[in-house]
Every structure is written in C-alpha cells, then in structure tokens.
Amino acid sequence: ASYPTSMLAQYCVLLARATSMWAKDPTQLMAGALPQIFVNLVLGLAFLNPSLDDMDDARTLSYGVFMAMANCFMGILCAIVVTVPIERVIVMREYQNGTYSLLSYWGARATLAVIAGALSAVCSGPIGFFLMGNTGFGRYCAYLAPLVLNNIIGMLIALVLGCVMQ
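What counts, and at which threshold
Residues numbered from 1 in each chain as written. Predicted model: local features only at pLDDT ≥ 70, side-chain atom pairs only at ≥ 80, totals over all residues. Heavy atoms only, no water. Helix = DSSP H or I, 4+ residues; strand = E, 2+ residues; numbered from the N terminus. Buried < 20%, exposed > 50% of the residue type's maximum accessible area, 1.4 Å probe, protein only. Contact = heavy atoms within 4.5 Å. Areas by Shrake-Rupley, 256 points an atom, 1.4 Å probe, with all protein chains shown as cover. Phe/Tyr/Trp six-rings, centres within 6.5 Å; stacked < 30°, edge-to-face > 60°. Polar contact = N/O pair within 3.5 Å; in protein donor to acceptor, adjacent residues only side chain to side chain. pLDDT = per-residue confidence, 0-100. Axes fitted to C-alpha atoms, helices over the stretch in contact; angles between N-to-C directions. Left-handed = near helix turned anticlockwise from the far one by under 90°. Core = buried A, V, L, I, M, F, W, Y, C linked by side-chain atoms within 4.5 Å. Expected span 1.5 Å × (residues − 1). Bend = angle between axes of the 7 residues up to and from the residue. Parallel < 35°, antiparallel > 145°, perpendicular 65-115°, else oblique. Nonpolar A, V, L, I, M, F, W, Y, C, P; charged D, E, K, R; others polar.

Take the overall build of the protein chain next. Along the backbone of the protein chain there are five helices and zero strands. Beginning at the N terminus, the succession of helices and strands in the protein chain can be written as α-α-α-α-α. Burial statistics for the protein chain: of 166 residues in total, 36% are counted as buried. The long-range share in the protein chain, meaning contacts at least 24 apart out of those at least 6 apart in sequence, stands at 79%. Taken as a whole, the protein chain presents about 9000 Å² of accessible surface, with 75% of it coming from carbon and sulfur.

Below, the structure written as structure tokens:
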C-alpha cells in the first residue's frame, strides 16, 4: 500500500504521539508507576537489610530480588493490557483511511514500550535495592539489569496481549 508519507516519518509522528499520550494520560503513567513504587517499598521493608555473610540471609535477599522482578513484570503488564484495546479503534481507522501503516504504529509502540520499561525499572528499582541493605555500583547493576530486561519483556508481551483482547 502507498502512503502519503514515508514509513520513517510515520514512525516519528506515531512515536511522538504515543509518548505524549503516555506522559500526559494519568491512567497510563500512574497505572505503571505507582504500583511499582509501592510494591518496591513493601518489598524493601519486608526484606529489610539482610546481611550477605549468612547463607540464609543471602537466600532471603535472592527471594526479594525475584519478587521485585515479578512486581515489575505484572505492573507493566496490567497497565498496557488495559490501554491498548482502547487505542485499537483509532489505529484501525487510521490504517483503513491510509494515514499510517500498522508496521509504523507497532514499531512506535514497541519502541515506547522498551523505553518506558527501562525507565520504570530505573526509577522504582533503587527503592528496594537500598532498603534490602545492598551497596556498591556492581551489585546495583546486577540488581537493575534483570529488572530492566524483565520490564521490557513485560511491556512487549503486554502489547501482544493488548492486541488480542476485546
């Protein structure tokens, strides 16, 4: 199909639109950010300051990291699955009118999902990390890397699930 603008121009316009909707819409921003912040606070307090000298405390710390990863995944998943079906009507209308291609739209949404997933983990991750008694930049990177990756995977899965939801 031919479009009045190039795929790259469509992608840039759609990415800017999706980003502004994500930043300005309180339901999207708060549904993704607030639950993660609160659960990381509870996780940090539940696994407060175990020492890494004792094996039981190290195991407890690994449980806390696992719970933080599950929190990231579920919070993002729930926020996106709710919003994508609402947008689908607009996307289908613009596609059928020949305004934008679906490839440009989903490319922009996937790019935003990756960026938002990484930002969400970077913003909420330090709460649990420091409350669990961790220190050091190396440990912080080892803690944050799975959270970021998990958030990105959760966002992309949520986009797919949002497409098939009615």
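Throughout the structure, instances matching the rule amount to one aromatic pair. Seen from their ring centres, Y105 and W106 are 4.7 Å apart, and the 80 degrees between their planes marks the pair as edge-to-face.

A few words now on the side chain of E94. Checked against the element boundaries, E94 lands in helix α3 (residues 55-96). Among the polar contacts made by the side chain of E94, one reaches the side chain of R17 at a distance of 2.8 Å. The contact partners of E94, leaving out residues within four places of it in the chain, are R17, T99 and Y100.

It is worth spelling out the environment of N151 at this point. With respect to the helices and strands, the residue N151 is situated in helix α5 (residues 137-164). Residue classification places N151 among the buried positions, given a relative accessible area of 0%. Along the chain, N151 and V114 lie 37 residues apart, while their C-alpha atoms are 8.0 Å from each other.

Quick look at the confidence of the model for the protein chain now. Confidence along the protein chain averages 77 in pLDDT terms, with 76% of residues attaining 70 or more. Averaged pLDDT values for the elements of the protein chain fall to 71 in α3 and rise to 88 in helix α1 (residues 7-24).

Where helix α4 (residues 102-131) contacts α5, the axes come no closer than 8 Å and their chain directions differ by 140 degrees. Seen from above, α4 lies across α5 with right-handed handedness.

Once that is clear, we can look at the nonpolar core. Judged by nonpolar contacts, L43, F47, A121, F129, M132, Y140, Y143, L144, L147, V148 and I152 together constitute the single largest core of eleven residues. For this core, the secondary-structure elements that each account for two or more residues are α4 and α5. Counting residues per element, this core draws most heavily on α5, which supplies six residues.

The terminal C-alpha atoms of α4, which comprises 30 residues, lie 44 Å apart, in line with the 44 Å expected from a rise of 1.5 Å per residue. If you look at α4, its biggest bend is around 35 degrees, right at G125, and the proline P126 turns up within four residues after that. Immediately beyond the C-terminal end of α4, within one or two residues, lies G133, with a positive phi of roughly 85 degrees.

The next thing to look at is the packing of α1 against α4. It is the contact of α1 with α4, at a shortest axis distance of 8 Å, that shows an interaxial angle of 45 degrees. With respect to α4, the element α1 is oriented oblique. In terms of crossing hand, the pair formed by α1 and α4 is right-handed. Together, M7, Q10, Y11, L14, L15, R17, A18, T19 and W22 of α1 and L103, S104, Y105, G107, A108, R109, T111, L112 and A116 of α4 make up the contact between the two elements. Looking at the contact of α1 with α4, its residues break down into eleven nonpolar, five polar and two charged.

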